[in-house]
Amino acid sequence: MNFASGRGCFTTMHLYLHIPFCRQACHYCDFHFSTNTDYKRAMVEAMIREMAIRREYLPSGALETVYFGGGTPSLLSEPELDMLLEAVHKYFTVQADAEVTLEANPDDLDRSRLVHLVKSGINRLSIGIQSFHDGHLAFLNRVHNAEEAERSVRQARDLGISNISVDLIYALPAPDHDLLRKDVVRVLALQVPHISAYCLTIEPQTVFGRWVQRGRMAPVEDEFAAAQFELLMAELTAAGFEQYEISNFARDGRYSRHNTSYWKRRPYLGVGPGAHSYNGTERRWNVSNNAGYLRSIGAGEVPATVEALSVADQVNEYLLTGLRTIWGCELAVLEDLSEGKFAGTSGGALAELTGRGWLRTGGGRLRLTQEGKLFADRVAAELFMA
């Protein structure tokens, strides 16, 4: 299957490696991780075995991207990272110009560590700064401070890693938007080519979720979050950034090639506990339990749940991800995926959403308007196939 239009085959694939360890738990995070790093080496060895077992999962082709996510991949020791990268090259063909990304916390990126990353072939860093306000960093339970954040970016650039993405969180508790404006000023001064900006989301099983349940913390107000999002869009656009996806901004076309592969329905293999994979017809996700993962891999089995994608699943996932991007959704692809039913079942919703000014059509595509970006998930849901 062609993962964009239903015909032909792609020759580039994508690999995600989930490193399920963190130094400490951020109060907002609901990703799978453990703060017990005693068996980090055993996990690396298990992930290498999973690569050996599942190397045939992807259609034939070369890896265009390799992405170390987590958790906190920058907690890997130098030998552990080298082991994983050697296995990637052993079991897969990697394009000469592949994008190889490592997520990192600023406090892990001293000069020695950065020198090793460059030598190992990491050519893109995604640095979890989140805020340049030390009070907000403490509130989020981050380890680093604002000075360490700025230093990590400058040192990485000085040592030859120019492809750097910085994460920011907005809608953090504040009396006004002054702290966010200051964050924007400081991130722009670092001259990074990519910024990912995420709204603070309160998930039930996080520290913040429990604080909200106990009345210790107020939930994020929609109006405040929307105003901060609009401020970010305006400030970053004025500074020359292109909002190529709802939460992602890039200069000079320096998109995240790996994340773009998700939004464009490219096939990818996820390795490690909690990692997801997609091959065009099914999704599968590994167990989010480190001990269970290690036991199963030790027995030669990959502990995963597999979901065959229905016609509606494929249409709805394309809407949910594609509408978030500057490329939008191709009407021809929607017709193809829906077996010719999309126009007939969604015509009324399309007309209504266009009339509201949230959606526009043109060039055979559906795209969100600037106002529609505030309602991206709602727009997609109203177009979903049952």
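From a predicted model like this one, the values you see are computed outputs, not experimental measurements.

(A) Seen up close, the pattern of salt bridges. Applying the stated rule across the entire model yields 17 salt bridges. A salt bridge links Arg23 to Asp107; the shortest N-O distance between them is 3.5 Å. In this pair, Arg23 sits in the loop between strand 1 (12-19) and helix 1 (40-54) while Asp107 sits in the loop between strand 3 (94-104) and helix 3 (111-120), placing the two residues 84 residues apart along the sequence. Taking relative accessible area as the criterion, Asp107 reaches 24% and is therefore assigned partly exposed. With a closest N to O distance of 2.9 Å, Glu50 and Arg54 form a salt bridge. Of this pair, Glu50 and Arg54 both sit in helix 1, separated by four residues, roughly a single helical turn.

(B) Molecular detail of the packing of helix 2 (residues 78-91) against helix 3. Interhelical geometry of helix 2 versus helix 3 gives an angle of 15° and a closest axis separation of 11 Å. The angle between helix 2 and helix 3 falls in the class roughly parallel. Crossing of helix 2 over helix 3 shows right-handed handedness. Within the contact between the two elements, helix 2 uses Glu78, Leu81, Asp82 and Leu85 and helix 3 uses Ser112, Arg113, His116, Leu117 and Ser120. Of the residues assigned to the contact of helix 2 with helix 3, the class counts are three nonpolar, three polar and three charged.

(C) Focus on the packing of aromatic side chains. Taken as a whole, this structure holds 13 aromatic pairs when the rule is applied. One aromatic cluster is present, formed by Tyr244, Tyr255, Trp263 and Trp327 through successive ring pairs. Above the face of the Tyr57 ring, Arg54 is positioned so that its terminal group lies 4.9 Å from the ring centre. Between Arg265 and the ring centre of Tyr318, over which it is positioned, the NZ or CZ distance is 5.8 Å.

(D) Layout of the confidence of the model for the chain. Here the chain shows a mean pLDDT of 94. Residues at 70 or above account for 97%. Every residue in residues 1-8 is under pLDDT 50, and counting partners more than four places away or in other chains gives 27 contacts.

(E) Highlighting the nonpolar core. Residues Met51, Phe68, Leu84, Leu125, Leu323 and Leu383 are the most contacted members of the largest nonpolar core, which totals 91 residues. Ranked by the residues each element gives to this core, the list is headed by helix 2, at seven residues. In this structure, Tyr28, Leu140, Trp211 and Met217 belong to the second largest nonpolar core, which totals nine residues.

(F) Region of interest: empty space enclosed by the protein. Under the defined criterion, the tally for this structure stands at one cavity of 30 Å³ or more. The space that makes up the largest cavity amounts to roughly 60 Å³. Together, His136, Ile169, Tyr170, Ala171, Leu172, Ala174, Asp176, Leu179, Leu180, Asp183 and Gln228 line the largest cavity. Of all the secondary structure elements, the ones that give two or more residues to the lining of the largest cavity are strand 5 (164-170) and helix 6 (178-189). It is helix 6 that contributes the most residues to the lining of the largest cavity, three residues altogether. Split by residue class, the lining of the largest cavity holds seven nonpolar, two polar and two charged.

(G) Summary view of the state of the cysteines. The tally for this structure, following the rule as stated, stands at zero disulfides. Its sulfur unpaired, Cys26 is 6.2 Å from the next cysteine sulfur, which belongs to Cys29.

(H) Seen up close, the sheet that holds strand 14 (residues 359-362). If you trace the three strands from one edge of the open sheet to the other, you get 13-15-14, paired in antiparallel fashion. Each edge of the open sheet is held by one strand with a lone partner, namely strand 13 (329-330) and strand 14. Where strand 14 meets strand 15 (residues 365-368), four bridges bridge the pair, whose relative direction is antiparallel. Bridge pairing in strand 15 links Gly362 to Arg365.

Definitions and cut-offs
Residues numbered from 1 in each chain as written. Predicted model: local features only at pLDDT ≥ 70, side-chain atom pairs only at ≥ 80, totals over all residues. Heavy atoms only, no water. Salt bridge = Lys/Arg side-chain N within 4 Å of Asp/Glu carboxyl O. Helix = DSSP H or I, 4+ residues; strand = E, 2+ residues; numbered from the N terminus. Buried < 20%, exposed > 50% of the residue type's maximum accessible area, 1.4 Å probe, protein only. Axes fitted to C-alpha atoms, helices over the stretch in contact; angles between N-to-C directions. Parallel < 35°, antiparallel > 145°, perpendicular 65-115°, else oblique. Left-handed = near helix turned anticlockwise from the far one by under 90°. Contact = heavy atoms within 4.5 Å. Nonpolar A, V, L, I, M, F, W, Y, C, P; charged D, E, K, R; others polar. Phe/Tyr/Trp six-rings, centres within 6.5 Å; stacked < 30°, edge-to-face > 60°. Lys NZ or Arg CZ within 6 Å of the ring centre and 35° of its normal. pLDDT = per-residue confidence, 0-100. Core = buried A, V, L, I, M, F, W, Y, C linked by side-chain atoms within 4.5 Å. 1 Å grid on protein atoms, 1.4 Å probe; cavity = no way out; pocket = protein on both sides within 12 Å on 5 of 7 lines; lining within 4 Å. Points joined across faces, edges and corners; volume = space filled by probe spheres on them. Disulfide = S-S within 2.5 Å. Pairing = 2+ DSSP bridges.

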